[in-house]
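Listed below are the residues making up each chain.
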Amino acid sequence: MFSREAITALQAARSVTVLTGAGVSAESGVPTFRGAGGLWRNYQATSLATPEAFAKDPELVWEFYNYRRELLAPLKPNPGHFALAALEAAAPGFALVTQNIDNLHRIAGAKNLIELHGNIWQVRCSDPVCESAAAPRENREVPVSPIPPRCGICGGHLRPHVVWFGEMLDPEVIGTAIRAAEESDFFIVAGTSAVVQPAAGMPLLARRAGAFVLEVNPERTDLSPAMNESVQAASGEALPTLVEAAFGG
Ligand code: BJW
């Protein structure tokens, strides 16, 4: 499945960085955004993940996130998540950058985890002048009640602590992720269509900075031609195979 060159480069790497997307959670039962599962009540998931949708109809957007919390709550990490946790334990330096908000990498044991697009189990006030807007806190309500939930400080609407289209990523978070990409010797990009910026640019940054860049995805993406190696496979099968080949036995 993987070339000898890829395995040798992974074994020799002092610093490994991984970028994951929704596909890595697909085998746990989480729908991806741009596949057939990206529809909810006939809305495209991506059309609800915007500040405009929330401003227009916070109840609808919260019903969507409530549905996703209900779906996620019982789900477990899959062998792809666990393989990345094993890779973190084996590699001298490691960072896992995820676009996923589902928390499954953390449940699998990831330690140096950089959540680019936030976490569905955190909330903050949607009013930028409220002190809670800058202080996300954990909220594990399933179902969320009331919908939309209210801020205990100012009475405004709480919002999920996630990054919607057109919103800036936290500068510290994206800065840390970019540094990890540029400093890596081996970069894995798994389970992402690589259409959403700035995450989609990270594998190219890593390649330009000299890393060996490996893609794992059942489909080819726009990134595939620019990779050192692109393996068309599900991450729940391919990632355990890779980690076993490099560090097992
Ligand atoms: C499997 C599998 C298996 C299936 N195993 N794989 C430059 C140029 C043009 C536009 C922009 C630009 N810079 C910024 C923008 C605007 C925008 C953007 O990128 N738009 C593009 C769509 C064109 N970016 C932003 O707005 C970002 N903000 C920003 O950059 O601020 C500055 C700025 C703003 C505006 C203009 C310019 C600058 C913010 C992006 C936030 C994204 N938010 C979401 C929602 C998060 C909350 C939530 O979950 O509800 O993040 S959208 C959604 O897409 C979510 C995902 O994290 C993200 C990426 O999706 P992902 O993970 O790749 O999933 P899919 O479904 O697309 O792909 C799944 C893949 O898995 C597929 O390839 C399958 O084949 C594969 N797969 N089974 C392995 N078993």
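Let us look at the structure shown here. (Residues numbered from 1 in each chain as written. Predicted model: local features only at pLDDT ≥ 70, side-chain atom pairs only at ≥ 80, totals over all residues. Heavy atoms only, no water.)

Looking only at helices and strands, one finds ten helices and eleven strands in the protein. Over its C-alpha atoms the protein spans a radius of gyration of 18 Å, differing by no more than 12% from the 18 Å that the globule rule assigns to 249 residues. With the principal axes as the frame, the protein shows a C-alpha extent of 55 × 30 × 30 Å. Residue pairs in contact within the protein that sit at least 24 positions apart in sequence constitute 65% of those at least 6 positions apart. Working note: accessible area of the protein is about 11,400 Å², and carbon and sulfur atoms make up 52% of it. In the protein, which carries 19 positive and 26 negative side-chain charges, the distance between the mean positions of the two groups comes to 1 Å. (Helix = DSSP H or I, 4+ residues; strand = E, 2+ residues; numbered from the N terminus. Rg over C-alpha atoms; globule rule 2.2 N^0.38 Å. Contact = heavy atoms within 4.5 Å. Areas by Shrake-Rupley, 256 points an atom, 1.4 Å probe, with all protein chains shown as cover. Lys, Arg positive; Asp, Glu negative; His and termini not counted. Charge placed at Lys NZ, Arg CZ, Asp CG, Glu CD.)

Neighbouring residues of the ligand: 34 residues in total, closest Arg34, Tyr65, Arg68, Thr192 and Ser193. Only α2 (23–26) and α5 (58–72) provide two or more residues apiece to the shell around the ligand. Among the residues forming the shell around the ligand, the class breakdown is 17 nonpolar, twelve polar and five charged. (Near = heavy atom within 4 Å. Nonpolar A, V, L, I, M, F, W, Y, C, P; charged D, E, K, R; others polar.)

Bringing the sheet that holds strand β9 (residues 186–190) into the picture now. With respect to topology, six strands assemble into an open sheet ordered β5-β4-β1-β9-β10-β11, the strand pairing being parallel. Here the strands that pair on one side only, and so sit at the sheet edges, are β5 (113–115) and β11 (229–231). Each strand of the sheet is rotated relative to its neighbour by a mean of 15°, with strand direction disregarded. This element, helix α8 (residues 171–183), spans β1 (15–20), β4 (93–98), β5 and β9 of the sheet and lies at about 130° to β5. (Pairing = 2+ DSSP bridges. Axes fitted to C-alpha atoms, helices over the stretch in contact; angles between N-to-C directions.)

Another aspect to go through is the pairing of β9. Across a regular strand the side chains alternate sides, sitting on one face of the sheet and then on the other. Among the five residues that make up β9, five are buried, leaving the element largely enclosed by the rest of the structure. Residues Phe186, Ile188 and Ala190 point to one face of β9 and Phe187 and Val189 to the other, with burial holding for every one of them. Sheet topology places β1 next to β9; five bridges connect them, and they run parallel. Each residue of the ladder has a partner; that of Val18, found in β9, is Ile188. The sheet contact formed by β9 and strand β10 (residues 212–216) spans five bridges and is parallel. Across the sheet, Phe186 pairs through a bridge with Phe212, a residue of β10. Chirality of the crossover, the property in question, places the unit of β9, helix α9 (residues 202–208) and β10 among those that are right-handed. (Buried < 20%, exposed > 50% of the residue type's maximum accessible area, 1.4 Å probe, protein only. Right-handed = clockwise from strand over helix to strand, strands pointing away.)

For residues that are not glycine, phi is negative in most cases, and the peptide bond is trans in most cases. A cis geometry characterises the amide bond from Val142 onward to Pro143, with omega recorded as 0°. Omega for the peptide link from Ile147 to Pro148 comes to -5°, which places this bond in the cis form. Within the fold, Pro148 resides in the loop between β7 (137–138) and β8 (158–162). Positive phi, close to 45°, is recorded for Arg41, a residue that is not glycine.

Here the focus is the sheet that holds β8. Taken together, three strands build an open sheet; the order of strands is β7-β6-β8 and the sheet is antiparallel. In this open sheet, the two strands that pair with only one neighbour each are β7 and β8. With five bridges joining them, strand β6 (residues 118–125) and β8 adopt antiparallel strand pairing. Across the sheet, the residue bridging to Val123 is Pro160, located in β8. Of the strands in this sheet, β6 and β8 are in contact with α5, which crosses β6 at around 140°.

Glancing now at helix α10 (residues 235–247). Residues that lie three or four places apart on an α-helix share one face, since the helix turns once every 3.6 residues. For α10, spanning 13 residues, the distance from its first C-alpha to its last is 17 Å, which sits close to the expected 18 Å at 1.5 Å a residue. Of the residues making up α10, those classed as buried are Ser235, Gly236, Ala238, Leu239, Leu242, Val243 and Ala246. Buried residues belonging to α10 abut α1 (4–12), α2, α6 (79–90), β9 and β10. (Expected span 1.5 Å × (residues − 1).)

Our focus in this paragraph is the nonpolar core. Ranked by internal contacts, the top residues of the largest apolar core, which has 29 residues, are Phe2, Val16, Val18, Leu87, Phe186, Ile188 and Leu214. Only α1, β1, α6, β4, β9, β10 and α10 provide two or more residues apiece to this core. The element that contributes the greatest number of residues to this core is α10, accounting for five residues. If we ignore the near neighbours within four places in the chain, the residues touching Val16 are Leu10, Leu87, Ala91, Gly93, Phe94, Ala95, Ser184 and Phe186. Listed in part, the 25 residues of the second largest apolar core include Leu48, Trp62, Ile101 and Val144. (Core = buried A, V, L, I, M, F, W, Y, C linked by side-chain atoms within 4.5 Å.)

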